[in-house]
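Listed here are the chains, written in short residue letters.
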Amino acid sequence: MELRRQALQALRERDPRRKAGLARALFARASQLPVAATAPEADGPLPGRPALPRLVHPARVPRRSPATAHGLAALLHAIAHIEFNAINLALDAAWRFDGMPREFHLDWLRVAAEEALHFSLLQEHLASLGHAYGDFAAHDNLWQMCEKTAGDVVARMALVPRTREARGPDATPQIQQKLRQVGTPPALRAVEILDVILRDEVGHVAIGNHWYRRLCEREGLDPIAHYGVLAQRYAAPRLMPPFNESARRRAGFSEEELAWLSGESRP
């Protein structure tokens, strides 16, 4: 079967375990699959997701202190929900956008497979604590930005991997520090899982940076100035410090971009 059609099938899958398995299996054979010039038509709502977790406004998601077993489970669930959405975001990019080179689709299938691994690690750890994905309420901010940018691949690269998902490397070290302070074996296992996630997420943001800059070059756009245009057009969230500048440099952010984030310059 063709690569983009299989990406769509994985995107439509509702069962989280099966979706994760499909994403990893698809990437494993992706190099041998043909890539269609046009995306197959989606039949039904996207993405496929289970009935739970219940989706609520971000302000109504419970606070997640890892100092208690329940709080640690809620925190892990929140991160698992981000990773589940990230699988869908990557599969959507691999399926949706026409006119992109083969490497674009392979890159986003790699991201989907790695996000699937992250989700599976968190799901297993939740199970060890007596919980499952769906036990806690969650929000839908990540997928909402995916929907906003469905018709603009430049905006998608600008505002999903290098805006929304880049907040993961910013926040992860602080979360790990809190977990180390808790010091229990489940909290320290969560630190280990977050090490894997942080390593991979820097690579995912780097892929977003690469394709954003490549698309800007193709279309004759200044990447820093155009980012400001896109952020305003699509009502992207205002990015607030602290920023993990070391991780952002490894992900390909320029010094000029880091200065803009810090408020020292404007596009």
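A short tour of the structure in this document, coming up. Treat the numbers as computed from the prediction; the structure is a model and nothing was measured.

**Remarks on the pattern of salt bridges**
One side chain can pair with another of opposite charge once the charged atoms of both are near each other.
Line of reasoning, step 1. Evaluation of the coordinates by the stated rule reveals 14 salt bridges.
Line of reasoning, step 2. For Arg49, the salt bridge identified is with Asp140, shortest N-O distance 3.0 Å. Of this pair, Arg49 sits in the loop between helix 2 (16-29) and helix 3 (69-96) while Asp140 sits in the loop between helix 4 (102-128) and helix 5 (141-148); the two residues are 91 residues apart in sequence, bridging distant segments of the chain.
Line of reasoning, step 3. Salt bridges here are not isolated pairs; linked through shared partners, they connect Asp92, Arg96 and Arg156.

**Some words on the packing of helix 2 against helix 4**
Line of reasoning, step 1. Running from amino to carboxyl end, helix 2 crosses helix 4 at an angle of 140°, the nearest separation of the two axes being 8 Å. Accordingly, the angle class assigned to the pair helix 2 and helix 4 is oblique. The interaxial crossing formed by helix 2 with helix 4 has left-handed handedness. Residues Pro16, Arg17, Ala20, Ala23, Arg24, Leu26 and Phe27 of helix 2 form the contact with helix 4, whose participating residues are Leu106, Leu109, Arg110, Ala112, Ala113, Ala116, Leu117, Phe119, Ser120 and Gln123.
Line of reasoning, step 2. Considered class by class, the residues forming the contact of helix 2 with helix 4 number 12 nonpolar, two polar and three charged.

**What to know about the nonpolar core**
Line of reasoning, step 1. If you look at the biggest cluster of nonpolar residues, it comprises 79 residues, and the most contacted ones within it are Phe104, Trp108, Leu109, Leu159, Leu179, Tyr212 and Leu230.
Line of reasoning, step 2. Examining the composition of this core, we find that 15 residues originate from one element, helix 3, more than from any other.
Line of reasoning, step 3. In contact with Leu109, not counting residues within four places along its chain, are Leu3, Ala7, Leu26, Phe27, Ala30, Leu91 and Ala94.

**Some remarks on helix 1 (residues 3-12)**
Line of reasoning, step 1. Counting buried positions over the 10 residues of helix 1 gives seven, a clear majority of the element.
Line of reasoning, step 2. Residues of helix 1 that are buried include every one of Leu3, Arg4, Gln6, Ala7, Leu8, Ala10 and Leu11, and no others.

**Overview of the packing of aromatic side chains**
Line of reasoning, step 1. A full pass over the atoms with the stated rule returns seven aromatic pairs.
Line of reasoning, step 2. Taking the centre distance of 5.3 Å and the plane angle of 85° together, the rings of Phe104 and Trp211 count as edge-to-face. Separated by 107 residues along the polypeptide, Phe104 in helix 4 and Trp211 in helix 8 (residues 185-219) bring together distant segments of the chain. In this structure, Phe104 and Trp211 share a single accessibility class: buried.
Line of reasoning, step 3. Among the aromatic residues, those joined into a cluster by ring pairs are Phe97, Phe104, Trp108 and Trp211.
Line of reasoning, step 4. For Arg248, the ring lying beneath its charged end belongs to Phe253, and the centroid distance is 4.9 Å.

**Brief notes about the packing of helix 3 against helix 8**
Line of reasoning, step 1. Running from N to C, helix 3 and helix 8 point in directions that differ by 20°, and their axes come no closer than 12 Å. As far as their axial angle goes, helix 8 and helix 3 are roughly parallel. The two elements helix 3 and helix 8 meet at a crossing, and its hand is left-handed. Facing Leu72, Leu76, Ile79 and Glu83 of helix 3, the residues of helix 8 in contact are Pro186, Ala187, Ala190, Leu194, Ile197 and Glu201.
Line of reasoning, step 2. Considering only residue class, the contact of helix 3 with helix 8 consists of eight nonpolar, no polar and two charged.

**With respect to helix 2**
Line of reasoning, step 1. Between the first and last C-alpha of helix 2 there are 20 Å, a value that for 14 residues agrees with the 20 Å anticipated at 1.5 Å per step.
Line of reasoning, step 2. Summarising the contacts, the buried residues of helix 2 are in contact with helix 1, helix 3 and helix 4.
Line of reasoning, step 3. Of the residues that open helix 2, the one with a side-chain oxygen 3.2 Å from the backbone nitrogen of Arg17 is Asp15.

**Let's talk about the state of the cysteines**
Working definition: the covalent bond between the sulfur atoms of two cysteines is a disulfide.
Line of reasoning, step 1. Enumeration over the complete set of coordinates arrives at zero disulfides.
Line of reasoning, step 2. No disulfide involves Cys146; its sulfur sits 19 Å from the nearest other cysteine sulfur, which is in Cys216.
Line of reasoning, step 3. A residue is classified by how much of its surface remains accessible, and Cys146, at 1% relative accessible area, is buried.

**Details of the side chain of Thr163**
Line of reasoning, step 1. By secondary structure assignment, the location of Thr163 is in helix 6 (residues 153-164).
Line of reasoning, step 2. The class for Thr163 is buried, based on a relative accessible area of 0%.
Line of reasoning, step 3. Only 2.8 Å separates the side chain of Thr163 from the backbone oxygen of Ala158, close enough to count as a polar contact.
Line of reasoning, step 4. Side chain to side chain, Thr163 and Tyr227 meet in a polar contact 2.7 Å long.
Line of reasoning, step 5. If near-sequence neighbours (up to four positions away) are discounted, Thr163 is found in contact with Ala158, Tyr227, Pro237 and Leu239.

What counts, and at which threshold
Residues numbered from 1 in each chain as written. Predicted model: local features only at pLDDT ≥ 70, side-chain atom pairs only at ≥ 80, totals over all residues. Heavy atoms only, no water. Salt bridge = Lys/Arg side-chain N within 4 Å of Asp/Glu carboxyl O. Helix = DSSP H or I, 4+ residues; strand = E, 2+ residues; numbered from the N terminus. Axes fitted to C-alpha atoms, helices over the stretch in contact; angles between N-to-C directions. Parallel < 35°, antiparallel > 145°, perpendicular 65-115°, else oblique. Left-handed = near helix turned anticlockwise from the far one by under 90°. Contact = heavy atoms within 4.5 Å. Nonpolar A, V, L, I, M, F, W, Y, C, P; charged D, E, K, R; others polar. Core = buried A, V, L, I, M, F, W, Y, C linked by side-chain atoms within 4.5 Å. Buried < 20%, exposed > 50% of the residue type's maximum accessible area, 1.4 Å probe, protein only. Phe/Tyr/Trp six-rings, centres within 6.5 Å; stacked < 30°, edge-to-face > 60°. Lys NZ or Arg CZ within 6 Å of the ring centre and 35° of its normal. Expected span 1.5 Å × (residues − 1). Polar contact = N/O pair within 3.5 Å; in protein donor to acceptor, adjacent residues only side chain to side chain. Disulfide = S-S within 2.5 Å.

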